Every structure is written in C-alpha cells, then in structure tokens.
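Here is what each chain is made of, one letter per residue.
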Amino acid sequence: AQTVTQSQPEMSVQEAETVTLSCTYDTSENNYYLFWYKQPPSRQMILVIRQEAYKQQNATENRFSVNFQKAAKSFSLKISDSQLGDTAMYFCAFMTTGTASKLTFGTGTRLQVTL
Amino acid sequence: EAGVAQSPRYKIIEKRQSVAFWCNPISGHATLYWYQQILGQGPKLLIQFQNNGVVDDSQLPKDRFSAERLKGVDSTLKIQPAKLEDSAVYLCASSEGDRWNTEAFFGQGTRLTVV
C-alpha cells in the first residue's frame, strides 16, 4: 500500500516571497505519478502540477515547480512570487499506473499568503 | 468540456436518518472515485469504480455506506443510518482510467452535516 506524508500542517509566506511545501511517500512501485492539488475554500480540488516518476527532470508550471527525489521518495512543491490567491490547502497525492489507478492523498498543508 | 457534477452541495440531516449523494463524472471517464474528507484532513478513498465494477471498497463502512454506478456512468453514494462522525465533505472524482491516465478531475463536493 502507498502512503503519503505531509509534515507541515500550516505554512505562511509573504506576498511575492517563495515557499516550499514538503511531501514524502512510500511505495514499492517503480512507475507512478505524483501530484500537487490545491483546494481553496470553495472545496474544488485543482491540479497544480504533476510529475511522472520515470522522468528525471523536475516539472514546472509557471510559478510552481517541484523537487522530485525518487531515491529519497521526496516530492516538494516550490511556489515562487507567492500571490494572495495561492492561499489554500495543498495536498500531495500519489497515483499508481495502469488501468483503475489508485489515487492516495496526504493530510495537507494549509498555506496562508499574507501582505 | 463539462466537469464532474455533484449534488447536492450541502445537506443537513439528523443522526440515524439516511442520505444520498449523486455524481455525474466527465463523459467517457471509466474510473470514478468517492472520497470522504473530514474537516482538516486529507481525502480518504471510500470506493473506486472501473466502469460499473468495484475496484476498491476496503475503506467503505459497509454496514452503513453503499454505492453504485449505474451503467458505468452516474454514481450514487448512500449512508443509512447516518452517524455524527459522518459529517464531512464527500468528493467525487473521475479519470479516463486507461493505462496512460495521469489525472483525476474533482467535483465541488457535498458538505454533509449530521446533527
């Protein structure tokens, strides 16, 4: 079974600064996907960024980038130039490959962006 | 492309009553997930369908929860009888479900309050 651990329940960052959210996971699989989802107060889960485990290059999406360390089973999210709209819960998630993929979430990190 | 639709958005019931939630996934998506998200926690998978078959229901409290996926499309999740600890947001998600699938799309969820 896969487990996902987010050790930071809450984080705070000032607008325009950079923040890094941590995530570790445990699996015996070699191929899988990792995701960061954002959940604002509206409750809609929004995909922020994804990483395929077979790719060595870290994924980037505009101000969002990841540091994927496969051997260490670590998958952190860096948010650059933080904006007030980035305030939300952030969930790290793990997905197995193949049909009927299983999607497992961490416990989340509440990020507050302040002026 | 229409997203995942869920209804109702909110529901308040008394303990021991029954309640049902409805989910319409994205057209063509074979995999459908129901998650329970208790306040302040990450989503926990209750049940996963691949087309109209159950892939994983290991965390579904089967003495009170039931779910079905009609003709491999819409799905309903029922709780009977409800307990106070069932108060949570119930999220439905869907994905293409093929071996190259890499993303699950979420509905806005149903917030259930049991009093």
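Notes on the structure in this doc start here.

How each quantity is defined
Note on numbering: residues in each chain are counted from 1, in written sequence order. Both sets of labels track the order of writing: A upward for chains, 1 upward for ligands. Only residues with pLDDT of at least 70 get local features here, since the model is predicted, and only at 80 or more are side-chain atom pairs given and counted; chain-wide, interface and lining totals rely on the full set of residues. Hydrogens and water molecules were not included; the side-chain quantities draw on all heavy atoms of the structure. Here a strand is any run of E in DSSP of at least two residues, a helix any run of H or I of at least four, and the numbering for each starts at the N terminus. Here's how the labels work: a residue is buried when its accessible area is under 20% of the maximum for its type, exposed when over 50%, partly exposed in between, all with a 1.4 Å probe on protein chains only. We call two residues contacting when some pair of their heavy atoms lies within 4.5 Å. Put simply, the radius of gyration uses C-alpha atoms, and a globule should come to 2.2 Å times the residue count raised to 0.38. Note on areas: Shrake-Rupley with a 1.4 Å probe; residue coverage comes only from the protein chains shown. Two residue types count as positive, namely Lys and Arg, and two as negative, namely Asp and Glu; His and chain ends fall outside the count. For charged residues, the charge sits on one atom: NZ in Lys, CZ in Arg, CG in Asp, CD in Glu. In plain words, nonpolar cores are sets of buried Ala, Val, Leu, Ile, Met, Phe, Trp, Tyr and Cys residues tied together by side-chain atoms within 4.5 Å. We call two strands paired when DSSP finds no fewer than two bridges between them. Cysteine sulfurs are considered disulfide-paired once they come within 2.5 Å of each other.

Here we take up the overall build of chain B. Tallying secondary structure elements over chain B gives zero helices and 11 strands in all. Listed by position from the N terminus, the elements making up chain B come as β-β-β-β-β-β-β-β-β-β-β. With the C-alpha coordinates aligned to their principal axes, the bounding extent of chain B is approximately 40 × 25 × 25 Å. The buried share among the 115 residues of chain B stands at 49%. In chain B, once contacts between residues fewer than 6 apart in sequence are set aside, the share between residues at least 24 apart is 53%.

Before going further, it helps to examine the overall build of chain A. Tallying secondary structure elements over chain A gives zero helices and 12 strands in all. For chain A, the sequential pattern of α-helices and β-strands runs β-β-β-β-β-β-β-β-β-β-β-β. Over its C-alpha trace chain A gives a radius of gyration of 14 Å, about what one expects of a compact globule, namely 13 Å for 115 residues. Principal axes of the C-alpha set define a box for chain A whose edges measure 45 × 30 × 20 Å. Taken across its 115 residues, chain A has 50% of its residues classed as buried. Considering only contacts within chain A whose residues lie at least 6 apart along the sequence, 54% involve residues at least 24 apart. A total accessible area of about 5,500 Å² is found for chain A, and carbon and sulfur atoms account for 45% of it. Here chain A contributes 10 positive and 9 negative side-chain charges, whose respective centroids are spaced 7 Å apart.

Residues and elements named next belong to chain B. Tracing the backbone through its elements, the reader meets Ala5 in strand E1 (residues 5-7). Residue Ala5 is classed as partly exposed on the basis of its relative accessible area, which comes to 30%. In sequence terms Ala5 and Lys83 are 78 residues apart; their C-alpha atoms lie 25 Å from each other. Discounting residues that sit within four places of it in the chain, Ala5 has contacts with Trp22, Cys23 and Asn24.

Bringing the nonpolar core into the picture now. Core analysis: the biggest nonpolar cluster contains 25 residues, and A:Tyr25, A:Trp36, A:Phe75, A:Leu77 and A:Tyr90 have the highest contact counts within it. Only strand E3 (19-21), strand E5 (32-39), strand E6 (46-52), strand E8 (64-69), strand E9 (74-79), strand E10 (88-96) and strand E12 (109-114) of chain A provide two or more residues apiece to this core. With four residues, E10(A) is the largest single contributor of residues to this core. When residues no more than four places from it in sequence are discounted, the contact partners of A:Tyr25 are A:Thr3, A:Val4, A:Tyr32, A:Leu34, A:Phe68, A:Gln69, A:Lys70, A:Lys73, A:Ser74, A:Phe75 and A:Phe94. Membership of the second largest hydrophobic core comes to 21 residues, among which are B:Ile13, B:Cys23, B:Ala82 and B:Leu112.

Residues and elements named next belong to chain A. Pairing analysis gives two bridges linking strand E7 (residues 60-61) to E8, with the strands arranged antiparallel. Looking across to E8, one finds that Glu61 is bridged to Phe64. Counted along the chain from E7 to the antiparallel partner E8, the turn is two residues long, and its residue Asn62 has a positive phi close to 55°. For E8 and E9, the ladder comprises six bridges, and the chain directions are antiparallel. By the bridge assignment, Asn67 is partnered in E9 with Ser76.

Take the state of the cysteines next. Residues and elements named next belong to chain A. If you walk through the whole model with that rule in mind, you get two disulfides over all chains. Residue Cys23 pairs covalently with Cys92 via a disulfide, S to S 2.0 Å. Sign of the S-S torsion, about -70° for the bond between Cys23 and Cys92, identifies this disulfide as left-handed. Placement of Cys23 in the loop between E3 and strand E4 (24-26) and of Cys92 in strand E10 is noted, with a sequence separation of 69 residues between them.

With an omega of -10°, the peptide bond running from B:Ser7 to B:Pro8 counts as cis. By secondary structure assignment, the location of B:Pro8 is in the loop between E1 and strand E2 (10-13). Cis geometry marks the peptide bond from B:Gln80 to B:Pro81, where omega comes out at -5°. Assignment of secondary structure puts B:Pro81 in the loop between strand E8 (75-79) and strand E9 (88-95). Look at A:Asn62: it is not a glycine, yet its phi comes out positive at around 55°. Within the element layout of this structure, A:Asn62 appears in the loop between E7 and E8. Positive phi, close to 50°, is recorded for A:Asp81, a residue that is not glycine. Looking at where A:Asp81 falls in the secondary structure, it is placed in the loop between E9 and E10.

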